[in-house]
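As a plain string of letters, each chain reads:
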Amino acid sequence: MTLRANRAAFDRWRLLPRMLRGLSDVSTATSVLGQAITLPVLIAPSGRHRLCHDEGERAAARAARAAGTIYTMSTAATFAIEEIAAEAGPWWFQLYVYRDRGLTRELVARAEAAGASAVVVTVDVPQRGRREAEERIHFAMPPGVATALLAAPEGTCVSTGASGTAVAAEINAVFDPTLTWHDLDWLASLSPLPILLKGILHPADALQAVAYGARAILVSNHGGRQLDSAVAALDALPAVVEAVADRAEVLVDGGVRRGTDVVKALALGARAVLIGRPIHWGLAMGGESGVRHVLELLRAELALDLMLCGLASPVEVDRALILPA
Ligand SMILES: Cc1cc2nc3c(=O)[nH]c(=O)nc-3n(C[C@H](O)[C@H](O)[C@H](O)COP(=O)(O)O)c2cc1C
């Protein structure tokens, strides 16, 4: 339901374009947390890219660099932090907080040393959501493909029983479900990097995030992969933007597939959007060039859409551009 809702939410808005603006050129450039990017579309953290292509995260990171946008490296990557970082332009490190806080600290230190410019703490996975499609096919990582940072300590992998998958069991053994707001102070002490919280939907949580010093909030329901029936990310966005006011940047992901989706998210107050699945599709079709193609399609659509809205750049998009359908 939430997977469908993420897409359907975009269909419930219409754009109200302006005319005769004398535009000769349109730029898709903007900035996020002070980082100049040429496109308000970032790469969402998603794991296991080598399931899609041999060069996995390295190819996706190169594509993001070529497109002039930010790559978010997942904790569930299938190459080492340093191997991916060597090929990336500006990049953020997505962190799952482990039960083993020493390991967590080590991951943040490695990311900082390798050049990450922010830490994205994903807060919507106290346990892995139930992925019925994965259960039906008994999903497991194929031989020769492994997550570089996730391996559960010897002996801690719980049995999966009749349902569930080995992947889910591994994650539930490693991630810490007892995480609270107070742990954010500890996380902030690990490095000088700005912290973003990913997976916030409730405006009261957004307020807490700001109070605990989060520099940006990523409104997300994990692409519909955690709590099924959770609110669509786009529907949660306006209240979060209102609660946060200008005290943090607000980003959103979930269901962004078109240039007009980007425009709608910006009109509802997002600084930029992230895309998850389209990166996998691009990788599976053509590795680095497939991901570049996905990003260039979005760039071309966004440039045309801005022109047709009478706007010269993403930073000119505001609430007056959008109406409920
Ligand atoms: C296959 C897959 C793996 C993902 N892995 C992660 C992950 O490791 N960490 C994380 O924070 N989010 C992860 N996500 C969620 C994405 O960051 C993002 O929130 C979501 O994909 C956005 O929705 P979209 O796929 O509709 O664009 C994953 C999503 C997918 C589809």
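Placed above this text is the structure.
Residues numbered from 1 in each chain as written. Predicted model: local features only at pLDDT ≥ 70, side-chain atom pairs only at ≥ 80, totals over all residues. Heavy atoms only, no water.

**Structural notes on the site of the ligand**
Thought 1: In the region of the ligand, 22 residues are neighbours, and Pro45, Ser74, Thr122, Asp253 and Arg257 sit closest.
Thought 2: Thr122 places a side-chain nitrogen or oxygen 2.7 Å from an oxygen atom of the ligand.
Thought 3: One of the backbone N or O atoms of Gly276 is found 2.9 Å from an oxygen atom in the ligand.
Thought 4: Considered on its own, the ligand offers 600 Å² of accessible surface; in the complex 92% of this is hidden by protein.
Thought 5: Considering only residue class, the shell around the ligand consists of five nonpolar, twelve polar and five charged. (Near = heavy atom within 4 Å. Polar contact = N/O pair within 3.5 Å; in protein donor to acceptor, adjacent residues only side chain to side chain. Areas by Shrake-Rupley, 256 points an atom, 1.4 Å probe, with all protein chains shown as cover. Nonpolar A, V, L, I, M, F, W, Y, C, P; charged D, E, K, R; others polar.)

**Regarding unusual backbone geometry**
Thought 1: Positive phi values are uncommon outside glycine, yet His138 reaches one of about 50 degrees.
Thought 2: By the secondary structure assignment, His138 is in the loop between α5 (132-136) and α6 (166-174).
Thought 3: A positive phi angle, near 50 degrees, is found at Ala245, a position not held by glycine.
Thought 4: Note on placement: Ala245 falls in the loop between α9 (233-244) and β10 (249-253).
Thought 5: A relative accessible area of 44% means that Ala245 is categorised as partly exposed. (Helix = DSSP H or I, 4+ residues; strand = E, 2+ residues; numbered from the N terminus. Buried < 20%, exposed > 50% of the residue type's maximum accessible area, 1.4 Å probe, protein only.)

**Some points on empty space enclosed by the protein**
Thought 1: Per the stated rule, a full pass over the model turns up one cavity of 30 Å³ or more.
Thought 2: Quantified by volume, the largest cavity comes out at close to 40 Å³.
Thought 3: Along the walls of the largest cavity sit Leu95, Val108, Val119, Val121, Leu187, Leu190, Ser191 and Ile195, which together make up its complete lining.
Thought 4: Contributing elements (two or more residues each) for the lining of the largest cavity: β7 (119-122) and α7 (183-190). (1 Å grid on protein atoms, 1.4 Å probe; cavity = no way out; pocket = protein on both sides within 12 Å on 5 of 7 lines; lining within 4 Å. Points joined across faces, edges and corners; volume = space filled by probe spheres on them.)

**Digging into the packing of aromatic side chains**
Thought 1: Within the structure shown, the criterion is met by three aromatic pairs.
Thought 2: Relative to Phe175, the ring of Tyr98 has its centre 6.2 Å away and its plane inclined at 15 degrees; by these criteria the two rings are stacked. Separated by 77 residues along the polypeptide, Tyr98 in the loop between β6 (91-95) and α4 (101-114) and Phe175 in the loop between α6 and α7 bring together distant segments of the chain. With respect to burial, Tyr98 and Phe175 carry one shared label: buried.
Thought 3: We note Arg58 situated over the ring of Phe79; from NZ or CZ to the ring centre the distance is 5.3 Å. (Phe/Tyr/Trp six-rings, centres within 6.5 Å; stacked < 30°, edge-to-face > 60°. Lys NZ or Arg CZ within 6 Å of the ring centre and 35° of its normal.)

Fair warning: the whole summary comes from geometry, so function is off the table for now.
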